[in-house]
2 protein chains.
Amino acid sequence: MAVTMNDVARAAGVSLKTVSNVLNDYEFIRPATRQKVNEAIAELGYEANLTARSLRSGKTRMLGLVLSDLSVPYYGELASKLMKVASLRGYRVLVEQSDANVDNELSALQGPFRQLTDGLLFTPLAMEADAVASSRGNKPVVLLGEYILDARFDLVTMKNEEAARAVTAHLLAGGRRRVAVVGAHPEDSGGSAGLRLSGYRKALEDAGIAFDPALMAPGGWWRDAGAAAVAGLLDAGVPFDAVFGLNDTLALGAMHELLIRGIKVPQDVAVAGFDDIDEARFASPSLTTVSPGMDEIAERSIGLLIDRIEGLQPEDDGVHVEADFILKIRESAP
Amino acid sequence: MAVTMNDVARAAGVSLKTVSNVLNDYEFIRPATRQKVNEAIAELGYEANLTARSLRSGKTRMLGLVLSDLSVPYYGELASKLMKVASLRGYRVLVEQSDANVDNELSALQGPFRQLTDGLLFTPLAMEADAVASSRGNKPVVLLGEYILDARFDLVTMKNEEAARAVTAHLLAGGRRRVAVVGAHPEDSGGSAGLRLSGYRKALEDAGIAFDPALMAPGGWWRDAGAAAVAGLLDAGVPFDAVFGLNDTLALGAMHELLIRGIKVPQDVAVAGFDDIDEARFASPSLTTVSPGMDEIAERSIGLLIDRIEGLQPEDDGVHVEADFILKIRESAP
DNA sequence: GCTACCATCTGCAACGATGTACTCAAACGG
DNA sequence: CCGTTTGAGTACATCGTTGCAGATGGTAGC
């Protein structure tokens, strides 16, 4: 079977516990002993058994990441970055897909998934803050990307409102006056959709333009919904000269529908999105959007979570981080 | 602390082992005993400690998935599907990104990552079959998507060559005669790129058209490379009336470059890809491509791997599965 | 020369589950 | 009526680590 500490101890002529001490960088070990042990380890090809270590220490060195679906480009990119950052600090990331479903989110917080991880990065899409608070147990949770502003939680997010305001302002500065907004959920106010919508409305207000509810095309949150929303507006005969997709896939879905119908982008209708996924840069026309600072989000959230896990972060209230955004002006709305 | 089996045993007035027997569906337990135990479990809110179970049983009920990068749409979609299928059989998927780098692939096969999983789904991008064989240890490995045809391995793949031949044939049937091919790696013959290139050449041959090496634009495997390859051809003055991207992101990158330069798709140049990622359907123009049967790949590969792990698959040579493909004719090459 | 101290190393228990071997009583066969 | 089988449950060892509490032996202090 596999080589154990006992085998190493025997080979090095020391006790099992000394091997353990060497591996855990215990201070008081003679260099000669340390070397003997290390040689035995190398010779036998010993590798620590992570399961046993976890059982004994109660730590798994894994972080949980709860998000809706990895097939959504934004989440795929986010997961990729988070995993890379985590690995620099010696942690792995275990992903759980929630499908934006309350039950799945709940079971990620409470079920076996929690046992496997030392802490959670959680993108709450369906759950409320109180529900999260009451079911998170004793392991650290860092909320990601959504704006449940609540002193109980660490939160790493983006400037949803400000950034949405900036993109909308950019559309208005280009002379657009009727900016359709795609992806708004009427009932949502504190989530990404709500905050971005609010930024949109503030930009309209700044420009002295009245908000027209007819321009708000509600629906889902991904590609199909973007296309459907634009189709709905066109079929209903609602006039508009720009579309703001509350995320890039919505915007790209919308743009696709416009182009299919022979509507020119940006000449007839300008289009802007939010997230700056890789695809936005390579769309045709390339998509004007907002880059929400994903690198910063990945670094800060992993850093915060690991600091909590390792007790490096003082025990007080939740830390709130807002990454800076950058407006990316491209062809779809120059 | 957490509730253990011992607590349950005490509460139910039975021995610890009886609790274990109830949990493991041991046959000979009186209904009354079983009920007492189940009641105690429910009352105390007991949850089995997965780490302890793993240590004792040597199984983790996790599958490893090694791929280059989750931010690549194809892999994001694949990972999402694999995780969903695995969870139906009670397994989780732990992802490791290799960046298509040999060292990372090797460490996924040998390092701590293996310990954490009962078996591996492996997309070898850099390693050779022999290297994989010699370092996989004793846990089952199912190769995914690449065509290392080797009796030692289970392999679930797509009809790379046939499908590429079919797309190319479609371009030729549309009257195109100079089909540039983007993403070919000159040195690769057995990997996806090599097989798809070979399918391309066979289609040319079928149509009695000579292969022109000048139309082969080598380079990387993702968006940038697609754009750069087309830019290279155009700048070099190589004439072509179609582009076959060896994957969708290459094709989309290429298409973007064409459109930027005012070249009409499909009027001036038709474009086709391979993979049928979600984005292909919503690109403008939408992308003609090949759907490689990802659902079938996900189901067969997970099924095969778990059957191996659980000893349900007879012990003989590697099983080879090739999923069926579907040609998706869209606007970029009608 | 004896105590006190320190660096260094060791043995044992414990983490929480499962496998093996065993006990014990009831049922059964002849 | 006694030996054997079978159902139901239990005790103990074990998986491979780490925490805790010593054990050891050399040196310093006075």
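Residues numbered from 1 in each chain as written. Chains lettered and ligands numbered in written order. Predicted model: local features only at pLDDT ≥ 70, side-chain atom pairs only at ≥ 80, totals over all residues. Heavy atoms only, no water.

### A closer look at the environment of Phe 244 of chain A
Phase 1: With respect to the secondary-structure elements, Phe 244 of chain A resides in strand E8 (residues 242-245).
Phase 2: In this structure, the C-alpha to C-alpha distance between Phe 244 of chain A and Leu 258 of chain A, residues 14 residues apart in sequence, is 13 Å. (Helix = DSSP H or I, 4+ residues; strand = E, 2+ residues; numbered from the N terminus.)

### Re the protein's contact with DNA strand D
Phase 1: Looking at DNA strand D, there are 24 residues lining it, with Tyr 46 and Arg 56 of chain A together with Thr 18, Thr 33 and Arg 56 of chain B nearest.
Phase 2: Backbone atoms, meaning sugar plus phosphate, form 67% of the atoms of DNA strand D positioned within 4 Å of the protein.
Phase 3: Taking Met 5 of chain A, its main chain carries an N or O atom lying 3.0 Å from a phosphate oxygen of DNA strand D.
Phase 4: Listing elements by their share of the surface near DNA strand D, those giving two or more residues are helix H2 (16-23) and helix H4 (50-57) of chain A together with helix H2 (16-23) and helix H4 (50-57) of chain B.
Phase 5: A per-class count over the surface near DNA strand D returns nine nonpolar, eight polar and seven charged. (Near = heavy atom within 4 Å. Polar contact = N/O pair within 3.5 Å; in protein donor to acceptor, adjacent residues only side chain to side chain. Nonpolar A, V, L, I, M, F, W, Y, C, P; charged D, E, K, R; others polar.)

### Overview of the domain arrangement of chain A
Phase 1: Segmentation of chain A into domains returns domain 1 (5-48), domain 2 (60-157 + 294-323) and domain 3 (160-291).
Phase 2: A C-alpha centroid distance of 36 Å is found between domain 1 of chain A and domain 2 of chain A. (Domains from an automatic or database assignment.)

### Section: the sheet that holds strand E9 (residues 270-272) of chain B
Residue and element names in this part refer to chain B.
Phase 1: Read across the open sheet, the four strands follow the order E7-E6-E8-E9; overall the sheet is parallel. Both outer strands of the open sheet, strand E7 (216-217) and E9, are each paired with one neighbouring strand and no more.
Phase 2: With three bridges connecting them, strand E8 (residues 242-245) and E9 associate as parallel partners. From the neighbouring strand, Val 243 faces E9, where its bridge partner is Val 271.
Phase 3: Set on the sheet, helix H11 (residues 223-235) makes contact with strand E6 (179-182), E7 and E8; between it and E6 the angle comes to about 140°. (Pairing = 2+ DSSP bridges. Contact = heavy atoms within 4.5 Å. Axes fitted to C-alpha atoms, helices over the stretch in contact; angles between N-to-C directions.)

### Overview of the protein's contact with DNA strand C
Phase 1: For DNA strand C, the set of nearby residues contains 25 residues, the closest of which are Thr 18 and Thr 33 of chain A together with Met 5, Tyr 46 and Arg 56 of chain B.
Phase 2: The contact in question runs from a base nitrogen of DNA strand C to an N or O atom on the side chain of Lys 17 of chain B, over 2.9 Å.
Phase 3: Of all the secondary-structure elements, those providing two or more residues to the surface near DNA strand C are H2 and H4 of chain A together with H2 and H4 of chain B.
Phase 4: For the surface near DNA strand C, the leading source of residues is H4 of chain B, giving four residues.
Phase 5: Per-class residue counts for the surface near DNA strand C are 11 nonpolar, eight polar and six charged.

### As for unusual backbone geometry
Trans is the common state for peptide bonds, and a negative phi is the common state for residues other than glycine.
Phase 1: The residue after Ser 284 of chain A, namely Pro 285 of chain A, is reached through a cis peptide bond having omega -10°.
Phase 2: A positive phi is found at Asp 25 of chain B, a non-glycine position, where the angle reads about 55°.
Phase 3: Assignment of secondary structure puts Asp 25 of chain B in the loop between H2 and helix H3 (31-44).

### Let's talk about the packing of H4 of chain A against H4 of chain B
Phase 1: Contact geometry for H4 of chain A and H4 of chain B: axes closest at 9 Å, N-to-C directions at 140°. Overall, the two elements H4 of chain A and H4 of chain B adopt an arrangement that is oblique. Every pair of crossing elements has a handedness; the one defined by H4 of chain A and H4 of chain B is left-handed. When H4 of chain A is examined against H4 of chain B, the residues Thr 51, Ala 52, Ser 54 and Leu 55 of chain A are found in contact with a partner set consisting of Thr 51, Ala 52, Ser 54 and Leu 55 of chain B. (Parallel < 35°, antiparallel > 145°, perpendicular 65-115°, else oblique. Left-handed = near helix turned anticlockwise from the far one by under 90°.)

### Points about the pattern of salt bridges
Phase 1: This model, assessed by the stated rule, comprises 40 salt bridges over all chains.
Phase 2: Between Asp 69 of chain A and Lys 84 of chain B there is a salt bridge whose closest N-O contact spans 2.7 Å. You can see Asp 69 of chain A sitting in the loop between strand E1 (62-67) and helix H5 (73-88) and its partner Lys 84 of chain B sitting in helix H5 (residues 73-88), one on each of two chains.
Phase 3: Its relative accessible area of 35% is what places Lys 84 of chain B among the partly exposed residues.
Phase 4: For Asp 324 of chain B, the salt bridge identified is with Lys 159 of chain B, shortest N-O distance 2.9 Å. Pair noted here: Asp 324 of chain B is in the loop between strand E11 (320-323) and strand E12 (326-328) and Lys 159 of chain B is in the loop between strand E5 (154-158) and helix H9 (160-173), with a separation of 165 residues, a long-range link. (Salt bridge = Lys/Arg side-chain N within 4 Å of Asp/Glu carboxyl O. Buried < 20%, exposed > 50% of the residue type's maximum accessible area, 1.4 Å probe, protein only.)

### A few points about the relation of the copies chain B and chain A
Phase 1: Screw-axis analysis of chain B against chain A gives a translation of 0.0 Å along the axis, an RMSD of 0.1 Å, and a rotation angle of 180°. With respect to symmetry, the two chain copies, as superposed, fit the operation of a two-fold axis.
Phase 2: When the interface residues of chain B are mapped onto chain A, 100% of them again fall at the interface, so both copies present the same face. (Least-squares fit on C-alpha atoms with pLDDT ≥ 70 in both.)

### Notes on the pairing of strand E4 (residues 141-144) of chain B
Residues and elements named next belong to chain B.
Phase 1: Every second residue of E4 is oriented toward a common face, with Val 141 and Leu 143 on one face and Val 142 and Leu 144 on the other, all of them buried.
Phase 2: Strand direction decides the pairing type here: strand E3 (residues 119-122) and E4, joined by three bridges, are parallel. When the bridges of E4 are listed, Leu 121 appears paired with Val 142.
Phase 3: Remark: the E3/helix H8 (residues 129-135)/E4 crossover connection has right-handed handedness.
Phase 4: Two elements, E4 and E5, share three bridges in a ladder whose sense is parallel. The residue of E5 that forms the bridge with Leu 143 is Leu 155. (Right-handed = clockwise from strand over helix to strand, strands pointing away.)

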